[in-house]
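Understanding the architecture of this molecule
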Amino acid sequence: MVLRRCCKFGPVLVWFRLGYVVLLWICVTHLRCARAETKTVVQKDAEFDVTYNDTVTSDNQTIYAFNHTVSRNKTEGVRVTVDVLSEGAESSPILFVVRQKQAVLSFQVPLILRGLYQRKYPYAHVGRTLCQPPTRSLTETQYFFVDVSTLSSLGTHYQLRISRVDSFTLHTDKKFSFTASPSQPQYFKYVFPDGVDTVIVKVNSEMTFPCSVMSIQDIQCPVYDLDNNVAFIGMYQTMTKTAAITVQRKDFPSNSFYVVVVVKTEDEACGGPLRFYPLRPDELIDAGNRSKTLDVVVSPAISSDVYVMGMLFCLGIFLSFYLLTFLVACVENKRMHRRREGLLNPADMSPAETGKPGVTPVSPYEYGSFVDNASTLSSEAITDSIASDANYGYMGQEILKRRPFLTAIHHVAIRIERSLESVAGRSRQESLSSIEEDDYDTLADIDSDKNIVRTKKYLCVSDLARKDKRVLSKKYQIYFWNIATIGVFYALPVIQLVITYQTVVNVTGNQDICYYNFLCAHPLGNLSAFNNILSNLGYVMLGLLFLLIVLQRDVIHSRALDRNDLNALECGIPKHFGLFYAMGTALMMEGLLSACYHVCPNYTNFQFDTSFMYMIAGLCVLKLYQKRHPDINASAYTAYACLAAVIFFSVLGVVFGKGNMVFWIVFSVLHILATMLLSTQLYYMGRWRLDSGILRRIVYVIYTDCIRQCSGPMYIDRMVLLVMGNIVNWSLAAYGLLKTPNDFASYLLAIAICNLLLYFAFYIIMKLRSGERIQCMAMVCILFTAVVWGFALFFFFQGLSTWQKTPAESREHNRDCIVLSFFDDHDIWHFLSSIAMFGSFLVLLTMDDDLNNVQRDKIFVF
């Protein structure tokens, strides 16, 4: 029975014994492994400013224990410096962990920092500053530990040194110099003193490269002080030789902040070259010596009083133009009032003037000459009741004062003339709503002879001012309404975009987005450079003042037309004010959009600052041409379509033009073709057609005028202007094709300004050549405007920043404020250029006032 039971349980015992053996083998193996993996942990009490040379392996770990006394009123920095002395440590780096009361800092040595395209740069010498947690006690002893370990089975030799940074706290207006590298960043603490709410932190270096980064961070741990994490928090900007950040107390609840300076592993972000191109992505690259010596200084920014002074200064300058305009208007009105009194009260008449014996009779030729040449005083200075009875010039006035009989005859003649013109006057009173759009560019009543009129060798203004005044008035008013509509639709998304830009800058802290003059950028609210925005106020205020001046002239001229003033109807350059209104509106929009651009200036929104400059240049050219060609000037739709094409190419040039030869070839060809087409249009006064027969007609003209018989141009003056214009434009096209300038928007603006100046100079020369003169007021405006433009361009070319370079390179051009410690050179450019543009508009408005009393058939077209 017993034997039978043993046989029954025999297999179970065998399996039990086998399992026991396996379990015992596993336990023994684990015990051996545990013994093999047991590390020797050594803790040492360490001291500051002592260099510790030691070796670490995977079998041992060293802990250095430090303690130091911290004070609430004094902050001392603590710096850890580590060197790895063994070769081949890149494969098994040493890990250093610094354990503090409220922070932990860990880093490996050699420190591997990544660059562009994942390139790796090892650094065997590493220095880091420990974050200092705040203390509530007056004095407190704090402990921290440095753990050193590695997974390398071979011994790795290293050096460790802990030292105090006595100059850890920066002081106001005291410069401090230091050295930094990619593996040895530096940061310092600054505490706002009492009474100072805003400071400017400036970091400078004599060395352009290596590229570095300055960051402003709040007092908290950890501090992000490596190239791969410095942009995680706070405000930062790259730098070569200089950097500056304005810091406000309200952004830092602790009333203090850290100034962090990091040297980058590569210089590409600062516009430097990429020196290394490894074939293998995992290859380690020796970066060489990238140490950089810098100095930092923290200075108080301007106070609120300076803000107030700056705003009052800006307002005072431009309000003075309103006051000056008012005084000139008062003087002019008083002068005209005296002239009217002289007409109504001839108190100093001699006996010969009263018709007594001895009076020399007036010959019929003298009276006839008076009738032919009589003209009224300027319509701006005569009231409704007086001007209607004063349709004679100065010579006629003297004759009529001396001859009461002739005066009576003349008054009767005027009343008869009024009665005859009353019928025509009714038609002028009709509503403009009866005018059709098709009437704008048609001459139905003289269509049969307009080709003959416009091709005469010598044209007068009367030949090109034959359309109905109501039609032309409405045609040119469209310029104003169109530009007002364009301005609204353009400005609203621009304002929305720049607000988004400013929000992104404030949230991310990336100050490389906007190209400010950081040495003179005064924040206000969420705006980073309020002074650059404020200085654009001049464009708006002077644009509004110009609109008021034009409105006053428009009202006076309308009253003169209503009373059938012969001067207004038949003398002088035809007065159409629509383009002047458009110019004033464009100047105001330029101020608004320039202010929007300076919210965050960069290459993507530079077109905001230049779009209405193109508009202003184009409108000025159109106004000059309209003065003597009112019937054939371009319509608002055509003009704005052409300006839209210019802005379109401006955007293409900014986005695709940099170094793109295909774009420059296409643009240069189109530029030359446009110049030739415009030249043909101007030379033939629009009497040509661009159709399939254009080539045949060109060949025919060349054959008849150049081959069959050598004949000169029929319109010599026009030909001279167009030849000069083609030379200038072909030269500009060649320059753009050969140099391919990076700033395409400014290049395009230069083309527009050169053509405007060329046409203006031609107009002035031809005006003087035709025997016309420039009145005193117009001459004062020309001289004043020329001088102001000269000073304005001087400040413009100072170049305080440029988005054609990297943000760091742009900051090398930054300069301090020059006026009231509030405005910089570019702000002065805004002041002077707005004044110069206003003066230029006044020149266009007044330059032909000498022709107000000249019949239009005696005013030449050129």
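Since we're looking at a predicted model, the values are computed, not measured.

Some points on the pairing of strand E19 (residues 256-263)
Of all the 8 residues making up E19, 8 are buried; the element is thus mostly covered by neighbouring parts of the structure. Relative to E19, strand E16 (residues 212-218) is paired through 7 bridges, and the arrangement is antiparallel. Note that in E19 the partner of Val213 across the bridge is Val262.

Overview of the packing of aromatic side chains
Counted according to the given criterion, the structure contains 52 aromatic pairs. Summarising the aromatic geometry, the rings of Phe663 and Phe667 are spaced 6.3 Å apart at their centres and angled 15 degrees between planes, so their arrangement reads as stacked. Separated by 4 residues within a single helix, Phe663 and Phe667 lie in helix H15 (residues 661-683), roughly one turn from each other. For the pair Phe663 and Phe667, a shared accessibility class is recorded, and that class is buried. Three or more aromatic residues joined by ring pairs make a cluster, and in this case those are Tyr307, Phe313, Phe318, Phe530, Phe822, Phe823 and Phe831.

Remarks on the packing of helix H14 (residues 636-656) against helix H18 (residues 744-769)
Closest axis-to-axis distance for the H14/H18 pair is 8 Å, and the angle between their directions is 145 degrees. Where H14 approaches H18, its residues Val646, Phe649, Ser650, Gly653 and Val654 are matched on the opposing element by Phe744, Ala745 and Leu748.

Observations concerning the sheet that holds E16
Ordered in space as E12-E14-E19-E16-E17, the 5 strands form an open sheet in which the pairing is mixed. What marks the edges here is a single partner per strand, and that holds for strand E12 (169-170) and strand E17 (235-239).

Things to note about unusual backbone geometry
Omega for the bond connecting Phe209 with Pro210 falls within 30 degrees of zero, at 10 degrees, which places this linkage in the cis form. Looking at the secondary structure, you find Pro210 in the loop between strand E15 (198-204) and E16. Despite not being glycine, Asp49 has its phi angle at roughly 60 degrees, a positive value. Its place among the elements puts Asp49 in the loop between strand E1 (40-45) and strand E2 (51-56). Look at Asp49 and you get partly exposed, because its relative accessible area is 41%. Non-glycine residue Leu820 carries a positive phi angle of around 60 degrees. Structurally, Leu820 is set in the loop between helix H20 (807-810) and helix H21 (825-846).

Concerning the environment of Tyr683
As for its placement among the helices and strands, Tyr683 is situated in helix H15. Owing to a relative accessible area of 10%, Tyr683 belongs among the buried residues under this scheme. A C-alpha to C-alpha distance of 7.0 Å links Tyr683 and Met719, two positions 36 residues apart in sequence.

Let's talk about the nonpolar core
Grouped together as the largest cluster of nonpolar side chains are 111 residues, with contacts concentrated most on Tyr479, Leu619 and Tyr640. Filtering out sequence-adjacent residues up to four positions away, Tyr479 remains in contact with Gly578, Leu579, Ala582, Leu619, Leu622, Asn633, Ala634, Ser635, Ala636, Ala639 and Tyr640. Phe66, Leu113, Val146 and Tyr158 belong to the second-largest nonpolar core, a separate cluster that totals 32 residues.

Looking at the state of the cysteines
The final tally for this structure, using the stated rule, is 4 disulfides. In this model Cys211 forms its disulfide with Cys270; the gap between the sulfur atoms is 1.8 Å. Negative torsions about the S-S bond denote left-handed disulfides, and the value of about 50 degrees found for Cys211 with Cys270 makes this one right-handed. With a gap of 59 residues between them, Cys211 in the loop between E15 and E16 and Cys270 in the loop between E19 and strand E20 (292-300) connect regions that are remote in the sequence. In this structure Cys211 comes out as buried when scored by relative accessible area, which is 0%. By relative accessible area, which is 0% here, Cys270 ends up buried. Across a sulfur-sulfur distance of 1.8 Å, Cys514 and Cys600 are joined as a disulfide pair. Disulfide Cys514 to Cys600: torsion about the S-S bond roughly -90 degrees, handedness left-handed.

Quick word on the sheet that holds E20
The strands that make up a sheet pair up through hydrogen bonds in the backbone, lying either parallel or antiparallel. The 4 strands lie next to each other as E13-E20-E15-E18, forming an open sheet whose pairing is antiparallel. Each having just a single partner strand, strand E13 (176-180) and strand E18 (242-248) make up the two edges of the open sheet. Across the sheet, the mean angle separating the axes of adjacent strands is 25 degrees when strand polarity is ignored. Where E13 and E20 come together, 5 bridges link them in antiparallel fashion. Bridged to Ser177 within E20 is Asp295.

Quick notes on helix H13 (residues 606-628)
For H13, spanning 23 residues, the distance from its first C-alpha to its last is 35 Å, which sits close to the expected 33 Å at 1.5 Å a residue. With 21 of 23 residues buried, H13 lies mostly within the body of the structure.

The rules we used
Within each chain, residues carry numbers counting from 1 in the order of the written sequence. pLDDT decides what is reported in this predicted model: residues at 70 or higher carry local features, side-chain atom pairs at 80 or more are listed and counted, and totals for whole chains, interfaces and linings draw on all residues regardless. As a rule here, side-chain values come from all non-hydrogen atoms in the structure, and water together with hydrogens is ignored. A 1.4 Å probe rolled over the protein chains alone gives each residue an accessible area, and that area as a share of the maximum for its type sets the label: buried under 20%, exposed over 50%, partly exposed in between. Secondary structure elements are taken from DSSP: a helix is a run of H or I of four residues or more, a strand is a run of E of two residues or more, and numbering for both begins at the N terminus. A pair of strands is treated as paired once DSSP finds two or more bridges between them. Side-chain rings of Phe, Tyr and Trp (the six-membered ring for Trp) are treated as a pair once their centres are within 6.5 Å; stacked means planes under 30 degrees apart, edge-to-face means over 60, and tilted covers the remaining angles. Lines fitted to C-alpha atoms define the axes here, with helix axes fitted over just the stretch in contact, and angles between the N-to-C directions of these axes take values from 0 to 180 degrees. By definition in these notes, contact holds between two residues if any of their heavy atoms fall within 4.5 Å. By nonpolar core is meant a set of buried Ala, Val, Leu, Ile, Met, Phe, Trp, Tyr and Cys residues that side-chain atoms within 4.5 Å join together. Criterion for a disulfide: a pair of cysteine sulfur atoms at a distance within 2.5 Å. Helices are assigned an expected span. That span is 1.5 Å times one less than the residue count.

Remember that the coordinates give geometry; whether it matters functionally is a separate question.
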